[in-house]
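For reference, the chains in residue letters:
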Amino acid sequence: MDFKKKMKINMIYYAAIVALGAAFIVLRILGYMPDIFMSFGCAYAAAGLALLIKNGIIISNPEKLKKFEIESKDERNKMINGKAVGLAFNIFIYAAAVAIMALELVGMSEAGLTVALCLCGFVLIYVVCYYILRARS
Amino acid sequence: MEYRVIIENVKHVLHFGKEAAELKNRIRELRRARGLTQDELAGALSVTRQTVIAIEKGTYCASLPLAHRIAVFFGESIESIFIFDEEEQ
């Protein structure tokens, strides 16, 4: 697919995120949603708007679009991103394991159990993703 | 012992030390012979300038499709551009 077209499609998703954020804010103001949705709404609206503006600027300038396309498709950038994700995953696993032990030691068993379940879920997702990617490669 | 496992994992992910494959190549020589800048070569290969720098330095091994693009660009074979030293590996 043409990169410009792909970016335009992404802009539709970003606009949807802005709309979702705005909807959360409005529903919170009207009292239909709990307080937390105000934070979610602001975060969604701000992030969506920032991405929308960024993509708009890039699409309007052919030189910037070409540079952005090269940076997005660059194999070394992709490799670095993959390694960063892998490293973050490793660090997260060890940090979560330490957190579970620390929470158990301070007597916060329920919190420890929650973190442990999240960790199990995370590892399960990793295993599923690994086998899907292995089957496709 | 646990911290050693963590360090080994970090090293593995980052490919630090002797595990990092450094492949010698003639890209810098060929580029200079044609009077090209790293930026111009990067533009021709549709990669970033940083990638060209990393390949020239041998800190990053180009993928086979990129190696093929490089070979086609310079009009030479892949094995004449990338020098694979089995002893070093």
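Notes on the structure follow. (Residues numbered from 1 in each chain as written. Chains lettered and ligands numbered in written order. Predicted model: local features only at pLDDT ≥ 70, side-chain atom pairs only at ≥ 80, totals over all residues. Heavy atoms only, no water.)

## Examining the overall build of chain B
What counts is decided by this rule: Think of it this way: any DSSP run of H or I at least four residues long counts as a helix, any run of E at least two long counts as a strand, and we number them from the N terminus. Only protein chains enter the area calculation, which uses a 1.4 Å probe; residues under 20% of their type maximum are buried, those over 50% are exposed, and those in between are partly exposed. Whether two residues are in contact is decided by their heavy atoms: any pair within 4.5 Å suffices. In short, Shrake-Rupley with a 1.4 Å probe defines the accessible areas, and a residue's cover is counted only from the protein chains shown.
Counting its secondary structure elements, chain B contains six helices and two strands. Its helices and strands in sequence order give chain B the pattern α-β-α-α-α-α-α-β, from N to C terminus. Evaluated residue by residue, chain B yields a buried proportion of 30% over its 89 residues. Counting only contacts in chain B whose residues sit at least 6 apart along the sequence, the fraction spanning at least 24 positions is 56%. Just so you have it, chain B exposes about 5900 Å², and 54% of that area is on carbon and sulfur atoms.

## Description of the overall build of chain A
Assigned secondary structure in chain A consists of five helices and zero strands. Going residue by residue from the N terminus, the α and β elements of chain A occur as α-α-α-α-α. Within the span of chain A, comprising 137 residues, buried residues form 20% of the whole. Contacts spanning at least 24 positions in sequence make up 50% of the contacts within chain A whose residues lie at least 6 apart. Of the roughly 9700 Å² of accessible surface on chain A, a fraction of 72% belongs to carbon and sulfur atoms.

## Section: the packing of helix 3 (residues 38-45) of chain B against helix 4 (residues 49-57) of chain B
All names here are of chain B. What counts here: Under this scheme, a helix contributes an axis fitted over its contacting stretch, all axes are lines through C-alpha atoms, and angles between N-to-C directions fall in the 0 to 180 degree range. Note on terminology: angles under 35 degrees are roughly parallel, angles over 145 are roughly antiparallel, angles of 65 to 115 are roughly perpendicular, and the others are oblique. Under the scheme applied, nonpolar residues are Ala, Val, Leu, Ile, Met, Phe, Trp, Tyr, Cys and Pro; charged residues are Asp, Glu, Lys and Arg; polar residues are all the others, including Gly.
Their axes nearest at 8 Å, the elements helix 3 and helix 4 cross at an angle of 105 degrees. Looking at the two axes, helix 3 sits roughly perpendicular to helix 4. Each of Gln38, Asp39, Leu41 and Ala42 in helix 3 lies in contact with helix 4, whose residues at this interface are Arg49, Val52, Ile53 and Glu56. Of the residues that constitute the contact of helix 3 with helix 4, the class distribution is four nonpolar, one polar and three charged.

## Some thoughts on a nonpolar patch on the surface
All names here are of chain A. Heads up, the rule is: Patch membership requires more than 30% relative accessible area and the absence of a salt bridge. Residues of like charge join within 9 Å; the nonpolar side chains Val, Leu, Ile, Met, Phe, Trp and Tyr join within 5 Å. Every case where a carboxyl oxygen of Asp or Glu lies within 4 Å of a side-chain nitrogen of Lys or Arg is listed as a salt bridge.
A grouping of Ile17, Leu20, Ile36, Phe40 and Tyr44 is seen on the molecular surface, where their side chains present a nonpolar patch of about 410 Å² in accessible area. Looking at the nonpolar patch, the elements that each hand over two or more residues are helix 1 (3-29) and helix 2 (36-60). Top element by residues in the nonpolar patch is helix 2. It accounts for three residues. Within the secondary structure, Tyr44 sits in helix 2. Residue class for Tyr44 comes out partly exposed when judged on its relative accessible area of 33%.

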